[in-house]
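Below, each chain spelled out in residue letters.
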Amino acid sequence: IDILVGTPGRVMDLALDSVIRFDDTQKLVIDEFDEMLNLGFRVQLTSILAMMTRNKRQNILFSATMPPKIRQFSMKILNKPEEISIAIGKTASGVTQSMYSVYDTQKEELVRHILSQKNYEAVIIFCSTKDKVKALHKTLRKSFDIEAFHSDLEQVEREKIMSAFKYA
């Protein structure tokens with residue numbers, strides 16, 4: 001394989017079962033590095049790194065936050081690291097952000113109200129669970145041309161929805 005994407009626990013399982021080897025690994029990318037450590041994956045990450053040849057590999061870490069403990073741990077696995085920080089608080093041009101403080105029971109009605117105020121070309125609404133996505137979809141499809149995008153969809157369905165959204 002040229003590229004392997006996985007959770008630390010699953011990658012560790014595959015390595016321990018000798019399904020994968022890290023002999024020729026040139027790059028290791030860890031996304032959500034802060035969250036991986038907060039979720040208790042420090043042992044797996046350390047073990048995976050120990051299985052790899054250090055001098056042949058570039059480690060790349062992505063993290064929304066870099067508190068001192070995480071920064072300390074990252075220094076143990078990085079050699080002459082470079083840090084790239086993205087400006088916080090800047091909104092892309094043409095994007096409007098708003099915040100509404102409401103109770104959970106008011107959210108669906110507020111979304112319906114906001115969507116009915118203007119004829120939007122494309123809107124993405126994030127929910128915390130796929131069940132909430134399904135419930136909001138069920139409510140909004142009565143009034144709007146809407147699709148729900150969640151993990152229960154087949155890949156073909158996901159691609160169809162993304163394509164329709166991309167060209168909206």
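Please read these numbers as outputs of a predicted model, since none were measured by experiment.

A. Inspection of the overall build of the protein chain at higher detail. Helix and strand counts for the protein chain come out as seven helices and two strands. When the helices and strands of the protein chain are listed from N to C terminus, the series reads α-β-α-α-β-α-α-α-α. Here the C-alpha radius of gyration of the protein chain, 21 Å, is well above what a compact globule of 168 residues would show, namely 15 Å. Projected onto the principal axes, the alpha-carbon positions of the protein chain cover approximately 55 × 35 × 30 Å. Per-residue burial over the protein chain gives 23% buried out of 168 residues.

B. Looking closely at the pattern of salt bridges. In the structure shown here, the tally under the stated rule is six salt bridges. Residue D23 pairs with R21 through a salt bridge whose shortest N-O separation is 2.9 Å. Ionic pairing is found between R71 and E83, a salt bridge with its closest N-O pair at 2.8 Å. Pair noted here: R71 is in helix α4 (residues 68–77) and E83 is in the loop between α4 and α5 (107–117), with a separation of twelve residues, a long-range link. Through salt bridges with shared partners, a single network forms among K130, K134 and D152.

C. Region of the structure containing a nonpolar patch on the surface. On the surface, a nonpolar cluster with roughly 230 Å² of combined accessible area is contributed by Y120, V123 and I125. One can find I125 in the loop between α5 and α6 (130–140).

D. Layout of the packing of aromatic side chains. Counted according to the given criterion, the structure contains one aromatic pair. Residues F33 and F73 carry aromatic rings whose centres are separated by 6.0 Å and whose planes lie at 15° to one another, so their mutual orientation is stacked. Here F33, found in helix α2 (residues 33–38), pairs with F73, found in helix α4; they are 40 residues apart in sequence, far enough to count as distant. Just as F33 is buried, F73 falls in that class too. When the ring centre of F73 is taken as reference, the NZ or CZ atom of R42 above it lies at 4.6 Å.

E. Summary view of the pairing of strand β2 (residues 58–61). Here β2 shows a buried face lined by N59 and L61 and an unburied face lined by Q58 and I60. Bridging between strand β1 (residues 27–30) and β2 involves four bridges; their strand directions are parallel. In the strand pairing of β2, I30 is matched with L61.

F. Spatial organisation of the side chain of H137. Here H137 is to be found in helix α6. By relative accessible area, which is 17% here, H137 ends up buried. For H137, the contacting residues outside a window of four places in its chain are I146, E147 and A148.

G. Quick look at unusual backbone geometry. For S18, which is not glycine, the phi dihedral falls at a positive 60°. Within the fold, S18 resides in the loop between α1 (8–16) and β1. The backbone phi angle of K80 is positive, close to 50°, even though this residue is not glycine. Here K80 lies in the loop between α4 and α5.

Calculation rules
- Along every chain, residues carry numbers that run from 1 in the direction the sequence is written.
- The predicted origin of the model limits local features to residues at a pLDDT of at least 70 and limits the giving and counting of side-chain atom pairs to 80 or more, whereas totals for whole chains, interfaces and linings rest on all residues.
- No hydrogens and no water enter the side-chain calculation; it runs on all heavy atoms of the structure.
- We count a stretch as a helix when DSSP gives it H or I for four or more residues in a row; a strand needs E for two or more, and each element gets its number in order from the N terminus.
- Based on C-alpha atoms, the radius of gyration is set beside the globule rule, defined as 2.2 Å times the residue count to the power 0.38.
- Buried, partly exposed and exposed residues are distinguished by accessible area as a fraction of the type maximum, computed with a 1.4 Å probe on protein chains only: under 20%, between the cut-offs, and over 50%, respectively.
- What makes a salt bridge here is a side-chain nitrogen of Lys or Arg within 4 Å of a carboxyl oxygen of Asp or Glu, nothing more.
- For patch detection, residues must exceed 30% relative accessible area and be free of salt bridges, and they are connected within 9 Å for like charges or within 5 Å for nonpolar side chains (Val, Leu, Ile, Met, Phe, Trp, Tyr).
- Here, Shrake-Rupley sampling with a 1.4 Å probe gives the accessible areas, and only protein chains in the shown set may cover a residue.
- A pair of aromatic rings is counted whenever rings of Phe, Tyr or Trp (Trp by its six-membered ring) have centres within 6.5 Å, and the orientation is called stacked for planes under 30 degrees apart, edge-to-face for over 60 and tilted otherwise.
- When the NZ atom of lysine or the CZ atom of arginine is within 6 Å of a ring's centre and also within 35 degrees of its normal, the charge is said to sit over that ring.
- When DSSP finds two or more bridges between a pair of strands, those strands are recorded as paired.
- Residue contacts follow a heavy-atom distance rule, with two residues in contact if any of their heavy atoms lie within 4.5 Å.

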